[in-house]
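Topology and contacts: notes
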Amino acid sequence: MSRADFNVRTLQHIAGTFAGIDALERVVIVAPRADFDRPYAFRCEVPAAGHPLRAEGLELLFARAATIAVAIVGTSKLRIHCEDDSTLVFLQRKLSENSALISNMQQFGPVLIDRGGPEDVDIDLCHLPFRSRSSASQEPHSEPLEEQLFVGIDYGRSDIKTVVVDASDRLLAKYVTRWWRIDDSGVLEYVDPQVLTSHKCHVQCLAEAAIAALQQVKDFSKKTVCGVGISAAGCVKYGKLCGIPPAMGGVEDTDATRQDLENLEGCVLEEMRKILDVKARCTSVLVNDGDASALYGASGMPAGKAGLFLSCGTGLAGGVVWKGDSCDGILELGKLVVGLPDTGTGGVVPVHDGLNLPAAAQGMCGTQRAFFNLLAARGGDFITGKAEQRAALVAMQKKELDADSRGLFESLGQWLACFVMELNEYLPVKVNYVEAGGKVTDGPTGEAMLEACRQALPEMEVRKALDSEFGQAVAVASLVRPQG
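These numbers come from a predicted model, not from an experiment. Here the residue numbers are simple positions, counted from 1 along each chain's written sequence. Owing to the predicted nature of the model, reporting of local features is limited to residues with pLDDT of at least 70; listing and counting of side-chain atom pairs is limited to 80 or more, with chain, interface and lining totals taken over all residues. Derived side-chain values reflect all non-hydrogen atoms in the structure, with water molecules and hydrogen atoms excluded from consideration.

Thoughts on the overall build of the protein
Spelled out, the test is: Going along the chain from the N terminus, every DSSP run of H or I of four or more residues is numbered as a helix, and every run of E of two or more is numbered as a strand. Only C-alpha atoms enter the radius of gyration, while the globule expectation follows 2.2 Å times N to the 0.38, with N the number of residues. Relative accessibility thresholds used throughout: buried, under 20% of the residue-type maximum; exposed, over 50%; partly exposed, between the two (1.4 Å probe, protein chains only).
Regarding its fold elements, the protein presents 13 helices and 21 strands. What you see for the protein is a C-alpha radius of gyration of 23 Å, in line with the 23 Å of a compact globule of 484 residues. Seen along its three principal axes, the alpha-carbon backbone of the protein occupies a region of about 75 × 55 × 50 Å. Here the protein, with 484 residues, has 57% of them falling under the buried criterion.

Right, here's the structure in full:
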């Protein structure tokens, strides 16, 4: 197998090549968000107009701006402090040419890139609030504790995972299934969830996966579901889905669809009530799957560390925890742009499938997508179906680790380390503890990937999550049970 790799130079590396240039333009990207006590701001220095590296510098600046808008802060508006008018014109033109990125930013409001004002002078750089980790508003429960059940649902493009815990947080059942539909002949078939054209089909899959887990609980018919938590692969703000999540990309984007998805947990509960006993006033919560990763892992992180908790699945999700609090940016980490295409080497440049941006973390850094992108670059099969990818990955993980497989996963681990270093560029506190779970981290191949990541991050502690498959579902189930 070829040793071809991704044809990408990291933004950190490119920025480093500008360090010795005398003629630099200092640009500050300001990203306001209504619920932040002050806007986020990021300084980026690029070669001034007329310099041979000016074009590359502007591309780097756009990659930073896009990352800040859709991966770090979650905003539709950017204000640019620049010394040359051509800088702002370039950013506005680049954005206007990318309808997918505009659509993503529109989740947060009308899209605008404009020149910054005097209110942004001397603004603190890289400020992101850290707040108490997600919690659910508890509904009162009159049932005896031994009769209370709490369900956690974690969904992504590949599958749905569900767990059931009791009031003392004891794990009672777990269940995993692929997405499905009933075909024209009445037969159940497993499908990529993006082929489902109604969000109600997704709701039905989620509800029935929860019911399948509940049916494993002894005497479940004599007990009551008192809470349901959902870990969602998609943009979540104020506890609600923003727009259409990737797994539901095939549904018609209407006001009615968005209204239902903003209350996804309520729709799932309504579907569950058609079959079994669920309290009318049931505790419910929805969090981003990255936040769920942080919820699951944070209690075990070493004191004094700033922790990054990752889920390396079909895509890349994660959350940052410091001093017991979670970073309150949007943190859609798979959308972080890691680098720019390098015209001087062989290999491929993955493109984010929802943003039309090259070299995003989703397709390069420790994910199922990254694995198959790299495998194809080295002459292997190019598999696009998410469930088929998952099956092929599991099959490889069961085989003896040979030199080709080791080399492939070591490369994924090195790119995962590049992602961590790039993420640190945007954070107010630098991550020095990394915990990764998800299917890609399993088995000898997963250990080879994480070891390569450790070697590339010698100043950090890199660990595998205790539960790489059901951790996020467990976290949201625990979130809706009575606390204290």
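Considerations on the packing of helix 2 (residues 54-73) against helix 3 (residues 85-96)
Test applied: Each axis is a line fitted through C-alpha atoms, taken for helices only over the stretch in contact, and angles between the N-to-C directions span 0 to 180 degrees. When describing relative orientation, an angle under 35 degrees is termed roughly parallel and one over 145 degrees roughly antiparallel, while 65 to 115 degrees is termed roughly perpendicular and anything else oblique. For any pair of crossing helices, the crossing counts as left-handed if the nearer helix is rotated counterclockwise from the farther one by less than a right angle, and right-handed if it is rotated clockwise. Residue contacts are counted whenever heavy atoms from the two residues lie within 4.5 Å of one another.
The interhelical angle for the contact between helix 2 and helix 3, taken along N-to-C directions, is 60°, at an axis separation of 10 Å. With respect to each other, helix 2 and helix 3 are oriented oblique. Note on packing geometry: the crossing formed by helix 2 with helix 3 is right-handed. Between helix 2 and helix 3, the residues in contact are Arg54, Leu58, Glu59, Leu61 and Phe62 and Ser86, Thr87, Phe90, Leu91, Lys94 and Leu95, respectively.

Comments concerning the side chain of Thr224
Assignment of secondary structure puts Thr224 in strand 12 (residues 224-232). Classification of Thr224 as buried rests on a relative accessible area of 9%. Non-local contacts of Thr224, meaning those with residues more than four positions away in its chain, are made with Glu143, Glu147, Gln148, Leu149, Asp277 and Lys279.

Points about the sheet that holds strand 15 (residues 278-288)
Adjacent strands of a sheet form backbone hydrogen bonds with each other and so pair up, either parallel or antiparallel. Heads up, the rule is: Two strands pair under a simple rule: DSSP has to find at least two bridges between them.
Here we have five strands laid out as an open sheet, ordered 9-8-7-12-15, and mixed in their pairing. Every other strand in the sheet has two partners, leaving strand 9 (171-177) and strand 15 as the edge strands with one partner each. Strand-to-strand, the axes of this sheet are offset by a mean angle of 15°, without reference to chain direction. As defined by bridge partners, strand 8 (residues 160-166) adjoins strand 9 across six bridges and the pair is classed as antiparallel.

With respect to the packing of helix 9 (residues 368-377) against helix 11 (residues 403-424)
Running from N to C, helix 9 and helix 11 cross one another at 125°; their axes reach a closest spacing of 10 Å. The pairing of helix 9 with helix 11 is recorded here as oblique in orientation. Along this stretch, helix 9 crosses helix 11, giving a crossing that reads as right-handed. Together, Ala370, Phe371, Leu374 and Leu375 of helix 9 and Leu408, Phe409, Ser411 and Leu412 of helix 11 make up the contact between the two elements.

Examining the packing of aromatic side chains
Which entries qualify depends on this criterion: Here a Phe, Tyr or Trp ring, Trp counted by its six-membered ring, pairs with any other such ring whose centre lies within 6.5 Å, and the pair is stacked when the planes are under 30 degrees apart, edge-to-face when over 60, and tilted otherwise.
With the rule as written, the count across this model stands at seven aromatic pairs. Seen in terms of ring centroids, Tyr155 and Trp179 are 6.0 Å apart; in terms of plane orientation they differ by 85°. Their pairing is edge-to-face. You can see Tyr155 sitting in strand 7 (residues 148-155) and its partner Trp179 sitting in the loop between strand 9 and strand 10 (180-182), a full 24 residues away along the chain. By relative accessible area, Tyr155 is classed as buried at 2%. According to the relative accessible area criterion, Trp179 is buried, its value standing at 0%. Pairwise contacts between aromatic rings join Phe371, Phe372 and Phe409 into one cluster.

A closer look at the environment of Phe150
Turning to its location among the elements, Phe150 is positioned in strand 7. Judged by its relative accessible area of 0%, Phe150 is buried. Counting along the chain gives 79 residues from Phe150 to Gly229, while the straight-line C-alpha distance between them is 8.0 Å. Among residues more than four places away in sequence, those in contact with Phe150 are His141, Val163, Val164, Val165, Asp166, Ala167, Cys226, Gly227, Ala477, Val480, Arg481 and Pro482.

Considering the pairing of strand 15
The element strand 15 is extensively covered by neighbouring structure, given that eight of its 11 residues are classed as buried. As defined by bridge partners, strand 12 adjoins strand 15 across seven bridges and the pair is classed as parallel. Pairing of Ile230 across the sheet is with Leu286, part of strand 15.

A look at a nonpolar patch on the surface
Note the following rule: Exposure above 30% relative accessible area and no salt bridge define the residues that can form patches, which grow by joining like charges within 9 Å and nonpolar side chains of Val, Leu, Ile, Met, Phe, Trp and Tyr within 5 Å. Throughout, the Shrake-Rupley method with a 1.4 Å probe supplies accessible areas, and for residues the shown protein chains are the sole cover considered. Each salt bridge in this description consists of a side-chain nitrogen of Lys or Arg and a carboxyl oxygen of Asp or Glu lying within 4 Å of one another.
A contiguous nonpolar surface patch, about 290 Å² in accessible area, is contributed by Ile182, Leu188 and Tyr190. Classification of Leu188 as partly exposed rests on a relative accessible area of 40%.

Topic: helix 10 (residues 386-398)
Going by this rule: For a helix, the expected span equals 1.5 Å multiplied by the residue count minus one. By construction, the arc corresponds to the directions joining the helix axis to the C-beta atoms.
Its 13 residues place the ends of helix 10 19 Å apart at the C-alpha level, agreeing with the 18 Å of an ideal helix rising 1.5 Å per residue. Buried residues of helix 10: Lys386, Ala387, Gln389, Arg390, Leu393 and Gln397, and no others. What you see down the axis of helix 10 is that its buried residues fit within an arc of 155°, all on one side. Contacts from the buried residues of helix 10 go to strand 8, helix 9, helix 11 and helix 12 (443-456).

Looking at the sheet that holds strand 21 (residues 461-464)
Spatial strand order, 6-18-17-16-20-21: six strands in an open sheet with mixed pairing. The sheet is open, and its two borders are formed by strand 6 (130-132) and strand 21, each paired with just one other strand. Strand-to-strand, the axes of this sheet are offset by a mean angle of 30°, without reference to chain direction. Relative to strand 18 (residues 325-327), strand 6 is paired through three bridges, and the arrangement is antiparallel. In the strand pairing of strand 18, Ser132 is matched with Asp325. Against the sheet, helix 8 (residues 289-297) makes contact with strand 16 (306-312), strand 17 (316-322), strand 18 and strand 20 (433-437), and its axis sits at roughly 50° relative to strand 17, the strand it touches most.

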